[in-house]
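# Overview (structure and organization)
Next come the chains, spelled out residue by residue.
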Amino acid sequence: MCDQHNKNYYSKYKKWCDEYFYLPHRHEARGIGGIFFDYKNENFENDFKFVRDVGVTFQMLFNNIIRKKVSKKWTLKDKEKQYIKEVVTQNSTYYMIEGRNLVFKQVGMLRGY
């Protein structure tokens, strides 16, 4: 989808996503990957088309993922892993000012769950 707009967009925005959503205190990326960009203001018409196509593509992919997972049977072990990951995520955050971006990154303690 990115290549339809600019051959450099995917590699540029994929790299930005990987760096922006990396959690150094956990040594892992947050989420499943993808692209990230902000402040597109090069050419309104072209930027609008690109942002619209990103939204349409996201909706299509997200719907496909939900359809595949909605009837999945989760084991107790799966649910425990999700719960632990959620607790750690809620308690592991951190602030860093990086250019115009404010990224929250403070490492917290588990609350005895």
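Cut-offs applied
Residues numbered from 1 in each chain as written. Predicted model: local features only at pLDDT ≥ 70, side-chain atom pairs only at ≥ 80, totals over all residues. Heavy atoms only, no water. Core = buried A, V, L, I, M, F, W, Y, C linked by side-chain atoms within 4.5 Å. Buried < 20%, exposed > 50% of the residue type's maximum accessible area, 1.4 Å probe, protein only. Helix = DSSP H or I, 4+ residues; strand = E, 2+ residues; numbered from the N terminus. Contact = heavy atoms within 4.5 Å. pLDDT = per-residue confidence, 0-100. Phe/Tyr/Trp six-rings, centres within 6.5 Å; stacked < 30°, edge-to-face > 60°.

## Considering the nonpolar core
Ranked by size, the top nonpolar core spans six residues in total: Cys-2, Tyr-9, Tyr-13, Phe-37, Phe-50 and Val-54. Elements supplying a minimum of two residues to this core: helix H1 (9-20) and helix H2 (44-69). Among residues more than four places away in sequence, those in contact with Phe-50 are Met-1, Cys-2, His-5, Tyr-9, Tyr-13, Ile-35, Phe-37 and Lys-40.

## Examining the confidence of the model for the protein
Here the protein shows a mean pLDDT of 79. Residues at 70 or above account for 76%. Note that pLDDT drops below 50 for residues 94-99; the model gives that stretch 17 contacts with residues more than four away or on any other chain. Confidence drops under pLDDT 50 across residues 103-113; counting only partners more than four residues distant or on other chains, this segment forms 36 contacts.

## Comments concerning the environment of Lys-85
Looking at the element boundaries, Lys-85 is found in helix H3 (residues 76-91). Judged by relative accessible area, Lys-85 falls into the partly exposed class, the value being 41%. Lys-85 has contacts with Arg-26 and Glu-28, leaving out every residue within four places of it along the chain.

## Considering the packing of aromatic side chains
One pair of aromatic rings is described through two measures. These are the centre distance and the angle between the planes. Evaluation of the coordinates by the stated rule reveals 12 aromatic pairs. Between Tyr-13 and Trp-16 the ring centres are 6.2 Å apart and the planes differ by 40 degrees, which places this aromatic pair in the tilted class. Pair noted here: Tyr-13 and Trp-16 are both in helix H1, with a separation of three residues, about one helical turn. A relative accessible area of 2% places Tyr-13 in the buried class. Take Trp-16: its relative accessible area is 24%, and that puts it in the partly exposed class. Arranged with centres 6.0 Å apart and planes meeting at 25 degrees, the rings of Phe-44 and Phe-48 form a pair that is stacked.

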